[in-house]
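Chain and residue survey
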Amino acid sequence: MKTINEYSFENKKALIRVDFNVPLDEKFKVTDTTRIESAKPTILKILEDGGSCVLMSHLGRPKGVSPEFSLKHIVDSVSEIIGVKAKFIDDCVGEEVEKTVANLESGEVLLLENLRFYDEEKNGDVDFAEQLSKLGDIYVNDAFGTAHRAHASTTIIAQFFEGKKYFGNLLAKEIESIDKVLNNSEKPVLAILGGAKVSSKITVIENILDKVDHLIIGGGMTFTFVKAQGGSVGDSICEDDKMELALEILKQAKAKNVEVHIPVDVIAADDFNNDANTKVLDVTQIPDGWQGLDAGPKSLANFDEVVNKCKTILWNGPLGVFEMESFAKGTIALGHSIDNATKNGAFSLVGGGDSVAAVKQFGFAEKVSYVSTGGGAMLEMLEGKELPGIEAINN
Ligand code: AMP
């Protein structure tokens, strides 16, 4: 893997694809700066070498040029976080931009306007990518969140930087931590897959069966597995058309010597509502009118035991409807178990989909070994796919 640490950027202009797709409030203030902070090590390394940085990103899903999606809103946050006053230009290609880049001096940072103001960005347009490529001597990709997209700035552009393209520190760290789980893991390896639906996780489960010793299945997916094996799941979320698939997964797991752990009890509610009546029920005996919305105490004790005997842990997806306080306990308890295992030397990686929100909300982000910054990109890596943004640098 060619990372920026192999290169000295002295007097070079680095064109860096970052993921500054950050949330803004109604006054256009950045409400979560994680993504900007994540790019800081790459930017600082280049500035400390004596180079300059041209930063390009998308923000939101604009239709053409739309001021509310302008990256000018985040310039102050970027400056504050990296400790250098960033310049901003209200376009990302063309003569004016090229002139501004030409005048950029060592130690300076320039933020370009939202790449997605041009449809060419998402279309992976080669001419647009070539125009962008004029804005730097070296190309650096540090945007894991978009590494699964073959867009102009994430993938297509790399062909114009033969021998002059590198992984930024964030992207390198993301790749390394997934590799540490999937390929270079210390055994026993555990994957915990929660969340709402089997259908959205099926490819991940299939790919991961070859890599793990234990698999915990939780969240809404539980009920498809339970019903497929003859249990009564009441009104719990269940994909009847995926029951065959669930049985097939269990069969494959057995053949591959993977121990599968499914909740044995649940917190059931008489309504999908934080104030609903609740009771602990055996997962196979949920009557109509009741639905399982969180893992029960026996399940959590089982999971704690499994987590604490594993040396590599991947966590994707909550164990219950964590957005409601009444059904967040399972997800929190699992977070504590993983925290404990990590303290005892396990490597723990959290990511994919919305898992990061749960981990942050309950304060586990600092306690696990690594929290991935890319939802969709991480899921695709777990599915065993080659990401175009990564391939473009490697080739
Ligand atoms: P995902 O994005 O697939 O990881 O799914 C996350 C969502 O799954 C969260 O919004 C949870 O509220 C939801 N979820 C977890 N457990 C359950 C459950 N037992 N019933 C319904 N939804 C659930």
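You'll often see interface size given as the accessible area lost when the parts meet. By the assigned domains, the protein chain splits into domain 1 (4–171) and domain 2 (185–382). Counting from both sides, the interface comprises eight residues of domain 1 and, opposite them, 10 residues of domain 2. Of all residues in domain 1, Phe144, His148 and Leu170 bury the most surface against domain 2, accounting for 68% of the area lost on that side. Linking Lys360 and Asp32 is a salt bridge whose minimum nitrogen-to-oxygen distance equals 3.3 Å. One can count two residue pairs in polar contact (both at pLDDT 80 or more) joining domain 1 with domain 2. Counting residues per element, the side of domain 1 that touches domain 2 draws most heavily on helix H1 (residues 34–49), at three residues. Each residue belonging to the side of domain 1 that touches domain 2 can be placed in one class, and the counts come to two nonpolar, four polar and two charged.

Here Glu366 shows up in the loop between helix H12 (355–361) and strand E17 (370–371). Owing to a relative accessible area of 71%, Glu366 belongs among the exposed residues under this scheme. For Glu366 and Gln252, which are 114 residues apart along the polypeptide, the C-alpha to C-alpha distance reads 35 Å.

So, about empty space enclosed by the protein. All chains considered together, the criterion is met by one cavity of 30 Å³ or more. Size it by volume and the largest cavity reaches roughly 50 Å³. Around the largest cavity, the lining residues are Val18, Asp19, Arg35, Ser38, Ala39, Asp142, Leu170 and Thr373. Take the lining of the largest cavity: its biggest share by element is three residues, from H1.

Attention now moves to the layout of surface pockets. Of the voids in this model, the largest pocket is the one considered here, and its volume is about 1,000 Å³. Considering the residues around the largest pocket, the lining is formed by 38 residues, among which Arg35, Ser372, Thr373, Gly374 and Gly375 are closest to the centre. Looking at the lining of the largest pocket, the elements with two or more residues in it are H1, helix H6 (169–182), H12, E17 and helix H13 (375–382). Here the lining of the largest pocket gets five residues from one element, more than from any other, and that element is H1. Both domains that furnish three or more residues to the lining of the largest pocket are identified here as domain 1 (4–171) and domain 2 (185–382). Taken as a whole, the second largest pocket holds about 470 Å³ of empty space. As for the second largest pocket, its lining consists of 30 residues, and the residues nearest its centre are Gly195, Ala196, Gly220, Pro318 and Gly320. Elements that contribute at least two residues to the lining of the second largest pocket include exactly helix H8 (222–228) and strand E14 (291–295). The biggest single contributor to the lining of the second largest pocket is E14, with five residues. By residue class, the composition of the lining of the second largest pocket is 12 nonpolar, 14 polar and four charged.

Scanning the model with the defined rule gives 13 salt bridges in all. Lys187 is paired through a salt bridge with Asp213; the nearest N and O atoms lie 2.7 Å apart. Of this pair, Lys187 sits in the loop between H6 and strand E7 (189–193) while Asp213 sits in the loop between helix H7 (202–208) and strand E8 (214–217), and the two are 26 residues apart along the sequence. What makes Lys187 exposed here is its relative accessible area of 57%. Two residues, Lys227 and Asp240, come together in a salt bridge whose shortest N-O distance is 3.1 Å. Placement of the pair is Lys227 in helix H8 and Asp240 in the loop between strand E9 (232–233) and helix H9 (243–255), with a sequence separation of 13 residues. Since its relative accessible area comes to 31%, Lys227 is described here as partly exposed.

Around the ligand there are 15 residues in total, and Ala196, Lys201, Gly292, Gly320 and Glu323 lie nearest to it. Take Gly220: an N or O atom from its main chain is 3.3 Å from a nitrogen atom of the ligand. In the model, a nitrogen atom of the ligand is placed 3.0 Å from a nitrogen or oxygen of the Gly292 main chain. Starting from 510 Å² of accessible surface for the ligand in isolation, the protein chains cover 84%. Mapping the ligand onto the cavity grids shows that it belongs to the second largest pocket. Looking at the shell around the ligand residue by residue, the classes come out as six nonpolar, six polar and three charged.

With that settled, consider the sheet that holds E17. Strand order in the open sheet made by the six strands is E10-E8-E7-E15-E16-E17, with parallel pairing throughout. Taken across any chain shown, the strands that pair with only one partner, and hence form the sheet edges, are strand E10 (259–261) and E17. Here E7 runs beside strand E15 (residues 312–316); their pairing, made up of five bridges, is parallel. Residue pairing across strands places Leu190 opposite Ile313, the latter belonging to E15. Sitting on the sheet, H6 touches E7, E15, strand E16 (347–350) and E17, and the angle it makes with E16 is about 120°. This element, helix H11 (residues 329–343), spans E7, E15 and E16 of the sheet and lies at about 155° to E15.

On to a negative patch on the surface. Taken together, the side chains of Asp119, Glu120, Asp127 and Glu130 define an acidic patch exposed on the protein surface. Of all the elements in the fold, those that place two or more residues in the negative patch are helix H4 (119–123) and helix H5 (126–133).

About the criteria used
Residues numbered from 1 in each chain as written. Predicted model: local features only at pLDDT ≥ 70, side-chain atom pairs only at ≥ 80, totals over all residues. Heavy atoms only, no water. Domains from an automatic or database assignment. Contact = heavy atoms within 4.5 Å. Buried area = accessible area lost by both parts, 1.4 Å probe. Salt bridge = Lys/Arg side-chain N within 4 Å of Asp/Glu carboxyl O. Polar contact = N/O pair within 3.5 Å; in protein donor to acceptor, adjacent residues only side chain to side chain. Helix = DSSP H or I, 4+ residues; strand = E, 2+ residues; numbered from the N terminus. Nonpolar A, V, L, I, M, F, W, Y, C, P; charged D, E, K, R; others polar. Buried < 20%, exposed > 50% of the residue type's maximum accessible area, 1.4 Å probe, protein only. 1 Å grid on protein atoms, 1.4 Å probe; cavity = no way out; pocket = protein on both sides within 12 Å on 5 of 7 lines; lining within 4 Å. Points joined across faces, edges and corners; volume = space filled by probe spheres on them. Near = heavy atom within 4 Å. Areas by Shrake-Rupley, 256 points an atom, 1.4 Å probe, with all protein chains shown as cover. Sits in = over half its atoms within 2 Å of the grid points. Pairing = 2+ DSSP bridges. Axes fitted to C-alpha atoms, helices over the stretch in contact; angles between N-to-C directions. Patch = residues over 30% accessible without salt bridge, like charges linked within 9 Å, V, L, I, M, F, W, Y side chains within 5 Å. Lys, Arg positive; Asp, Glu negative; His and termini not counted. Charge placed at Lys NZ, Arg CZ, Asp CG, Glu CD.

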